[in-house]
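# Chains, contacts and geometry: an overview
Spelled out, the chains give:
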Amino acid sequence: MQGVEPAIESMEIALRLLDGLDAEQRRAVTATEHPLAIIAPAGSGKTTVLTRRIAHRVAIDSADADHVVALTFTRQAAGELRQRLWRLGVRGPGLRVGTFHAVAHALLRQRWMEQSRRAPTLLSSNRRLLAEVIGARHDPAELTATATELEWSRARMITPERYAEATRRAGRRPMIDPQRIAGYLADYAALKRRRGVVDFDDLLADCAAEIRNDANYAQVVRWRFRHLFVDEFQDLNPLQHHLLEAWRGGRPDICVVGDPRQAIYGWNGADSRLLERIDDTLPGVTVVRLRRNYRCSPQIVAAAAGVLPPGMADDTASMRPDGPLVETVGAPDEAAEAELVARRVRTLRPPGGRWSSIGVLARTNAQLPVLARALQRVGVPHVVLGTGGRVANDDTTSGLLDDVRRIKRSNELAAWSADLADSDVSDTDETTPRTTAWLAARRALSIAARRFLTEVPAGDGAAFADWYLLGAGEATMPDAVELSTFHAAKGREWRAVVVAGFETHLVPHSSARTADERAEESRLAHVAFTRAADELVVTWAMQRHDRTSGPSKLVPTPVIDEDDDGLAVPLALFDRLASAPDDDAAVLAALFAWRERAGRAARLSPSSVIGDDALRILAAERPTTLAEIVRLAALGPSSARHMGPRLLDVISAAVDSIAGH
């Protein structure tokens, strides 16, 4: 009878882990089949399911916590997963929770130490080395393009020698000659070897190589890594899959969680087919599907389903009560849109609520500074997020991390941290521009260094830099509105979200030319929308950088009118925009923007200036003479005299803008 009481206690724990779960979630937590794939849409409680599955297996003794490995794609997700497991009582010296890079780095450091090998320096950024390779007078756009192609080729395990041909086969269109990029990639690899440094992708490739080249070491690693759990499996790239298979060694004890509707990293090397064809990826796999959304209101779930690409059905049902209708509103240009967003953000924060419950999302990084300045003007605190939820990294952070590696003693590291904390924006010099972003970067590192020394009292600068780069140094986020790109918002959620710049040329992005690329853009919009729990506002500009724009065809059906400072698209016109050819929609958007301005100047409703049907006809026919304007729009003599020349100018400018593209 000695073992009866612990067995009963374990059973009680296992049963408590099922409390509050729906039938599909319970099935995912308790399934005894291996391998297992859980298809979990946004808001379906996938983190709850994943952590409770791990805890349930430990409770019923079908898994040993010291041999559990839970892999994520972001630092933030790893931290949340680790905290939840600890709260569920899953802990132990062998428990590993982290990103692929963090787990691989930990294995390699132990391997290097055991073999008395000098650990190479981990690059804080590959861009500095690439800049050296390209040359002192490199074009920043060339550096960005090369860095993008480096990440894609490494993710796809493509050597520099094979890069040009692989690019051609994949249909990629880098902005510079593929042969030149191939040369840069080869020189970059050679420079790393000469300097004795490694980048993040090297951690994955080198870890897999150690296992592949040493059968005894492979046995040791696989003994440690007995129970594998992988989050966001749709974002796996071939290099990560290669390492995962090296760790797995063909054993069936693996559980993956993912959602094909949130596959948004194909441009960066991810291969969503690994999840879409899960029967081939994991032969004999059992698939469990979750179909309930506990995060988003029914209105947001419907809007998010509406932007998915054709053929990708979404049967997700919201379990939330009805919320506010999704707001859609346009503005004359990007500056007016930013002001509109800033004013709307102020109203989205309830009395006594937190600014950090609000997210402002944009398709590209280039859009964020304009939005940030608008928020600053109206006194709204804000931060810009980077990938994985960290306050966006910049040259200041990278430079400081390079400097701190030279610190050899913990007391010197503490002094360095104190110096950063004392930074003052007003203390400027001629060579270093000191802004609030500069100050925030320094103080974030100061906080992280103090946390590091609490955990590792004898730690030096190099150990701190690696600790920070691999995600352990995430600082507590301030109470501020969080600005992010669609991609960087993945895995996050807010009570209210403003999706800005949701317009032609940006959503889908003009660089998306193939069917697969456009489908990924639609999934990206789906991800952006499902970051919102209660309120979703979608905005766009009619003109951006002197170019005719207008609402994206993916904009949800508008449901409200904004005040005079905004431009709400009437439902009838929206329907015509959505059904019009791309070029006609662009001309119609320009005509609509002009009509709004004219109506405001004359203190008339827009439809009193000129009707929707007339605008639609003009956009389709594109008249070039005043007589054609009068005939097509059925204008009277007075209207023809006052409006005709302006309408011709608007149509001509819109057509020229289209031709320029």
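Residues numbered from 1 in each chain as written. Predicted model: local features only at pLDDT ≥ 70, side-chain atom pairs only at ≥ 80, totals over all residues. Heavy atoms only, no water.

On a plain count of helices and strands, the chain comes out with 28 helices and 17 strands. Within the span of the chain, comprising 661 residues, buried residues form 52% of the whole. The contacts in the chain between residues at least 6 apart in sequence include a share of 76% that link residues at least 24 apart. Carbon together with sulfur atoms contributes 51% to the accessible area of the chain, which is approximately 29700 Å² in total. (Helix = DSSP H or I, 4+ residues; strand = E, 2+ residues; numbered from the N terminus. Buried < 20%, exposed > 50% of the residue type's maximum accessible area, 1.4 Å probe, protein only. Contact = heavy atoms within 4.5 Å. Areas by Shrake-Rupley, 256 points an atom, 1.4 Å probe, with all protein chains shown as cover.)

The strand order across the open sheet built from six strands is E3-E2-E6-E7-E1-E8, with neighbouring strands paired in parallel fashion. Strand pairing shows two members of the sheet lacking a second neighbour, strand E3 (96–99) and strand E8 (286–289), which therefore form its edges. Each adjacent strand pair in this sheet contributes to an overall mean axis angle of 15°, direction not counted. Relative to E8, strand E1 (residues 36–39) is paired through four bridges, and the arrangement is parallel. From the neighbouring strand, leucine 36 faces E8, where its bridge partner is threonine 286. (Pairing = 2+ DSSP bridges. Axes fitted to C-alpha atoms, helices over the stretch in contact; angles between N-to-C directions.)

Attention shifts here to the pattern of salt bridges. If you walk through the whole model with that rule in mind, you get 42 salt bridges. We note a salt bridge from glutamate 232 to lysine 490, for which the minimum N-O separation is 3.7 Å. In this pair, glutamate 232 is assigned in the loop between strand E6 (227–230) and helix H12 (238–248) and lysine 490 in the loop between strand E14 (481–485) and strand E15 (494–499), connecting sequence segments 258 residues apart. For the residue pair glutamate 232 and lysine 490, the accessibility class agrees, reading buried in each case. (Salt bridge = Lys/Arg side-chain N within 4 Å of Asp/Glu carboxyl O.)

For helix H8 (residues 160–170), every residue scored as buried is listed here: Tyr163, Ala164, Ala166 and Thr167. The elements touched by buried residues of H8 are helix H7 (140–155) and helix H9 (178–195). Of the residues one or two after H8, glycine 171 is the one with positive phi, at around 75°.

Moving on: the environment of histidine 101. Inspection of the secondary structure puts histidine 101 in helix H5 (residues 100–114). Its relative accessible area of 19% is what places histidine 101 among the buried residues. When the C-alpha atoms of histidine 101 and leucine 203 are compared, they prove to be 6.3 Å apart, with 102 residues separating the residues in sequence.

Tracing the backbone shows histidine 227 in strand E6. A relative accessible area of 7% means that histidine 227 is categorised as buried. Side-chain polar atoms of histidine 227 contact the backbone nitrogen of aspartate 64, separated by 3.1 Å. Histidine 227 has contacts with Arg57, Ser62, Ala63, Asp64, His67, Val68, Val69 and Asp253, leaving out every residue within four places of it along the chain. (Polar contact = N/O pair within 3.5 Å; in protein donor to acceptor, adjacent residues only side chain to side chain.)

Another point: the pairing of strand E12 (residues 358–362). Counted residue by residue, E12 has five buried out of five residues, so it is predominantly covered. Going residue by residue along E12, you find Ile358, Val360 and Ala362 tucked away on one face and Gly359 and Leu361 tucked away on the opposite face as well. Both E12 and E15 contribute to a ladder of four bridges, which runs parallel. Opposite isoleucine 358, over in E15, you have alanine 496 as the bridge partner. Pairing between E12 and E14: four bridges, direction parallel. Considered in E14, the bridge of glycine 359 is made with glutamate 482.

It is worth spelling out the side chain of glutamine 25 at this point. Position of glutamine 25 among the secondary structure elements: in helix H2 (residues 23–30). Every residue in contact with glutamine 25, bar those within four places of it in the chain, is listed here: Gly20, Ser44, Gly45, Val49, Leu290 and Tyr294.

Our next topic: the packing of H5 against helix H10 (residues 200–213). Between H5 and H10, whose axes approach to 9 Å, the crossing angle comes to 55°. Classed by the angle they form, the pair H5 and H10 counts as oblique. Classified by chirality, the crossing of H10 by H5 is left-handed. The residues of H10 that touch H5, namely those facing Phe100, His101, Ala104, His105, Leu107, Leu108 and Arg111, are Phe200, Asp201, Leu203, Leu204, Asp206, Cys207 and Glu210. (Parallel < 35°, antiparallel > 145°, perpendicular 65-115°, else oblique. Left-handed = near helix turned anticlockwise from the far one by under 90°.)

The subject of this paragraph is the packing of aromatic side chains. In this description, a pair of aromatic rings is defined by centroid distance and the angle of the planes. Inspection of the entire model under this criterion finds eight aromatic pairs. Taken together, a centroid distance of 6.2 Å and an interplanar angle of 10° make the contact between phenylalanine 100 and tryptophan 247 stacked. Of this pair, phenylalanine 100 sits in helix H5 while tryptophan 247 sits in helix H12, and the two are 147 residues apart along the sequence. Like tryptophan 247, phenylalanine 100 is buried. (Phe/Tyr/Trp six-rings, centres within 6.5 Å; stacked < 30°, edge-to-face > 60°.)

Turning to the pairing of strand E16 (residues 532–544), a few remarks are in order. Burial of E16 is extensive: eleven of the 13 residues sit out of reach of the surface. Bridging between E15 and E16 involves five bridges; their strand directions are parallel. Pairing of valine 497 across the sheet is with leucine 536, part of E16. Bridge count between E16 and strand E17 (residues 547–548): two bridges; the pairing is antiparallel. Within E17, the position partnered with glutamine 543 by the bridge is threonine 548. Between E16 and the antiparallel strand that follows it, E17, lie two residues; histidine 545 among them carries a positive phi value of about 55°.

Take it as geometry only, folks, not as evidence of what the structure does.
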